[in-house]
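Commentary on secondary and tertiary structure
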Amino acid sequence: MSLVDSYRRRGKKPKPFPVTPPHTVQVGPGELTTYTFGRDLYADMLAAIEGARKQILFETYIWKGDEVGEQFKAALTAAAERGVDVYCIYDGFANLVVSPRFKKFPPSLKVLRYPVYPAGVKFWSLSRYGRDHRKLLVVDEEVGFVGGYNIGTAFATEWRDTHVRVTGPEVWDLKRAFADFWNLNRRRRLGRSERPLLLETPAEWDPRVRIHRNVPRLWMFPIRNMYLEAISRATHNVWLTAAYFIPDADFVDAVCDAARRGVDVRLLVPHKSNHIVADWLSRGYYSQLLGAGVRILRYRDAMVHAKTATIDGSWATVGTANIDRLSLTGNYEINLEVHDEEFAVAMEEVFATDETNTLELTLGEWEARDLHRKFTEAVLAPLRPLL
């Protein structure tokens, strides 16, 4: 199936797609800025790193050893050399194909490589198998970035994703999320642990903006509950953007129930994602969704990798968690939940822009699909609980 993925991408040149320019919204004492184009995001992330004075916390799932990856590595190294305390985390499994040369970091950087096999001798402990799927940057207790963008040249212009720049009290929550992961997974050598990352965290917080973290080691998965509660409260619209839509039965029921009670439910997914298996598994839910009145919008000509939702013009989320079992009940993830009308409207504008680049799947078209697609969906159905 990996060969099929490679074949689908062979010889295909990236095509331009509509994007929404960075947009800043004031929420309480802080600001939220949305990004839908990687090049815009990377420019601001690098500017924040270059302006750092005290500390940088950088975490990513994929860190390519290409031009953009080298830019981030050089910026982080330069910050450390001028006296900034720089911490980096990346997932070992996600970067197996990255050159070992790139993954040699100078001693001035404090780097945690989340191991390919994280369970260690406790192979029976399912809570130790989650991947670090988070993408996070925090600089000087002043600004944070969180969302779906990994680090790499292709992501800068070829993928449609969503990220958010955060200022205000929530930056401390992002710092605590990074520190908790670092301290939970810091390496141990000869019976001694590396020094923990200690933070002084103020009590100030804004209830309109919340940070939710999935922590499989502690069996904590609040992001799934966040989605289910918000969808169950919806009265007007539920607009979801999902890179990989492979939910559990309760999630599908919540979405379908919303559509049946008259809520405008739209699901925006890739027409063809970068993982053909995810596409086939996702399609197994289409009959149930379309039958309930859910509109399915397929994004054309580019990989839409965003993990966002906006509901009733007052609630929105942006983060790293896909709507699949690996993200919602397996991996380390982090999502921003925002109760604010202006930000929700901004997210609706992003969705509307994306919708102009989609093809809607109708029930009639879906029921007329060919036999081999139906066969593939039936064969892969048993894998849904595992992905």
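Only a predicted model underlies this, so the values are computations on that prediction, with no experimental measurement involved.

As for the nonpolar core
In terms of nonpolar packing, the biggest core is built from 83 residues, with Y42, I56, W63, F72 and L289 touching the most fellow members. If one sorts the elements of this core by residue count, helix 7 (residues 249-260) sits on top with seven residues. Counting contributing residues per domain, this core is built from domain 1 (12-206) and domain 2 (222-383), each supplying no fewer than three. When residues no more than four places from it in sequence are discounted, the contact partners of F72 are Y42, M45, L46, I49, F58, W63 and I151. Residues V25, L57, A177 and I211 belong to the second largest nonpolar core, which totals 33 residues.

Examining the UniProt feature "domain: PLD phosphodiesterase" (unreviewed entry) in the protein chain
Per the UniProt record, "domain: PLD phosphodiesterase" (unreviewed entry) is annotated on residues 128-155 and 300-327. In residues 128-155, helix accounts for 11% and strand for 32%; the two terminal C-alpha atoms are 29 Å from one another. Taken as a whole, residues 300-327 contains 11% helix and 50% strand, while its terminal C-alpha atoms sit 24 Å from one another.

Section: the pattern of salt bridges
Using the criterion set out here, one finds 21 salt bridges in the structure. The closest approach of N and O atoms between K175 and E141, which form a salt bridge, is 3.4 Å. Taken together, the positions of K175 in helix 5 (residues 170-185) and E141 in the loop between strand 6 (136-139) and strand 7 (143-147) put the pair 34 residues apart, joining distant regions of the chain. Between D250 and R224 there is a salt bridge, and its shortest N-O distance comes to 3.2 Å. Separated by 26 residues along the polypeptide, D250 in helix 7 and R224 in helix 6 (residues 222-233) bring together distant segments of the chain. Salt bridges linked by common partners bring D264, R266, R295, E355 and E360 together as one network.

What counts as what
- Residues numbered from 1 in each chain as written.
- Predicted model: local features only at pLDDT ≥ 70, side-chain atom pairs only at ≥ 80, totals over all residues.
- Heavy atoms only, no water.
- Core = buried A, V, L, I, M, F, W, Y, C linked by side-chain atoms within 4.5 Å.
- Buried < 20%, exposed > 50% of the residue type's maximum accessible area, 1.4 Å probe, protein only.
- Helix = DSSP H or I, 4+ residues; strand = E, 2+ residues; numbered from the N terminus.
- Domains from an automatic or database assignment.
- Contact = heavy atoms within 4.5 Å.
- UniProt positions renumbered as here; feature names shortened; annotations may be inferred.
- Salt bridge = Lys/Arg side-chain N within 4 Å of Asp/Glu carboxyl O.

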